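The chain contents come next:
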Amino acid sequence: MEITIYHNPRCSKSRQTLALLEENGVSPIIVDYLQAPPTHQQLDSILRGLEMQPRELMRKGEVLYKELKLKDEALSRDQLIDAMVQNPKLIERPIVIAGNEIIIGRPPENVLTILP
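Note that the structure is predicted; figures quoted are calculated from it, not measured. Each chain carries its own residue numbering, running from 1 in the direction its sequence is written. In keeping with the model being predicted, local features are shown solely for residues with a pLDDT of at least 70 and side-chain atom pairs are shown and tallied solely at 80 or more, while totals for entire chains, interfaces and linings include all residues. As a rule here, side-chain values come from all non-hydrogen atoms in the structure, and water together with hydrogens is ignored.

Quick word on the pattern of salt bridges
Then, number 1: Whenever Lys or Arg places a side-chain nitrogen within 4 Å of a carboxyl oxygen from Asp or Glu, that contact is recorded as a salt bridge. Throughout the structure, instances matching the rule amount to six salt bridges.
Then, number 2: The residue Arg59 makes a salt bridge to Glu92 at a minimum N-O spacing of 3.3 Å. A residue pair is termed long-range when its members are at least 10 positions apart, and Arg59 in the loop between α2 (40-50) and α3 (63-67) and Glu92 in the loop between α4 (77-86) and β3 (95-98) qualify at 33 residues.
Then, number 3: Note that Glu62 and Lys89 form a salt bridge whose closest N and O atoms lie 4.0 Å from each other. In this pair, Glu62 sits in the loop between α2 and α3 while Lys89 sits in the loop between α4 and β3, placing the two residues 27 residues apart along the sequence.
Then, number 4: Exposed residues in this analysis have more than 50% of their type's maximum accessible area, buried residues have under 20%, and partly exposed residues fall in between, with area computed by a 1.4 Å probe over protein chains only. A relative accessible area of 14% places Glu62 in the buried class.
Then, number 5: Through salt bridges with shared partners, one network takes in Arg59, Glu62, Lys89, Glu92 and Arg106. Helix and strand definitions here come from DSSP, where helices need a minimum of 4 consecutive H or I residues and strands a minimum of 2 consecutive E residues; each element is numbered from the N-terminal end.

What follows is the structure, encoded as structure tokens:
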């Protein structure tokens, strides 16, 4: 089974999640999502797989969240997804995809639930 991690090498939780995958014999496809952000369609699919709304996947503590006024309830799902695609720093990390299962590695041990 192909496993993908949307990874930020500067994030300790992301590094811990990647290490946990590797310790369990998994060599995931590593996507540095700050350099190669997901498309609108990919992020929409991830959100649906997580059964989350866009704001639930956003890092609300980021300065960008406040600067872009993303708390505004008038913003549509598509507008919020577009904000994350254009500003991937806003996306909570790491995201691990294993087949049809998607999980956020916070805490890193969460990924153990989707390993084969």
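So, the nonpolar core
Then, number 1: Within the largest apolar cluster, 22 residues are counted, with the highest numbers of intra-cluster contacts made by Ile46, Leu57 and Ile95.
Then, number 2: Secondary structure elements with two or more residues in this core: α2, α4, β3 and β4 (101-104).
Then, number 3: Whether two residues are in contact is decided by their heavy atoms: any pair within 4.5 Å suffices. When near neighbours in sequence (up to four residues on either side) are disregarded, Ile46 contacts Tyr6, Leu57, Ile95, Ile97 and Ile102.
Then, number 4: Counting residues in each nonpolar core, the second largest holds 12 residues, with Ile3, Leu18, Ala98 and Ile103 among its members. Throughout, nonpolar core names a set of buried Ala, Val, Leu, Ile, Met, Phe, Trp, Tyr and Cys residues whose side chains join them through atoms within 4.5 Å.

Re α4
Then, number 1: For α4, the full list of buried residues reads Leu80, Ile81, Ala83 and Met84. The arc enclosing the buried residues of α4, seen along the axis, measures out at 155°, which places them on a common side.
Then, number 2: On the buried face of α4, the contacting elements are α2. It is the directions from the helix axis to the C-beta atoms whose arc is reported.

Description of the sheet that holds strand β1 (residues 3-7)
Then, number 1: In this analysis, strands are considered paired if DSSP registers two or more bridges between them. As summarised here, the arrangement of the four strands in space is β2-β1-β3-β4, forming an open sheet in which the pairing is mixed. Since the sheet does not close on itself, it has two edges, and those belong to β2 (29-32) and β4, each with one partner. On average, each strand axis in the sheet is inclined to that of its neighbour by 15°, with strand direction left out of account.
Then, number 2: Where β3 lies against β4, four bridges are found, and the strand directions are antiparallel. By the bridge assignment, Ala98 is partnered in β4 with Glu101. Lines fitted to C-alpha atoms define the axes, with helix axes restricted to the stretch in contact, and inter-axis angles between N-to-C directions lie between 0 and 180 degrees.

Description of helix α1 (residues 12-23)
Then, number 1: What a helix should span is 1.5 Å times the count of its residues minus one. In a regular helix each residue adds 1.5 Å, so 12 residues correspond to 16 Å; α1 covers 16 Å between its end C-alpha atoms and thus fits that length.
Then, number 2: Regarding α1, the residues found buried are Ser14, Thr17, Leu18, Leu20 and Leu21. Buried residues of α1, seen end-on, are gathered within an arc of 160° and therefore sit on one face of the element.
Then, number 3: Along its buried surface, α1 packs onto β1, β2 and β3.
Then, number 4: Looking one or two residues beyond α1, the residue adopting positive phi is Gly25, at roughly 80°.

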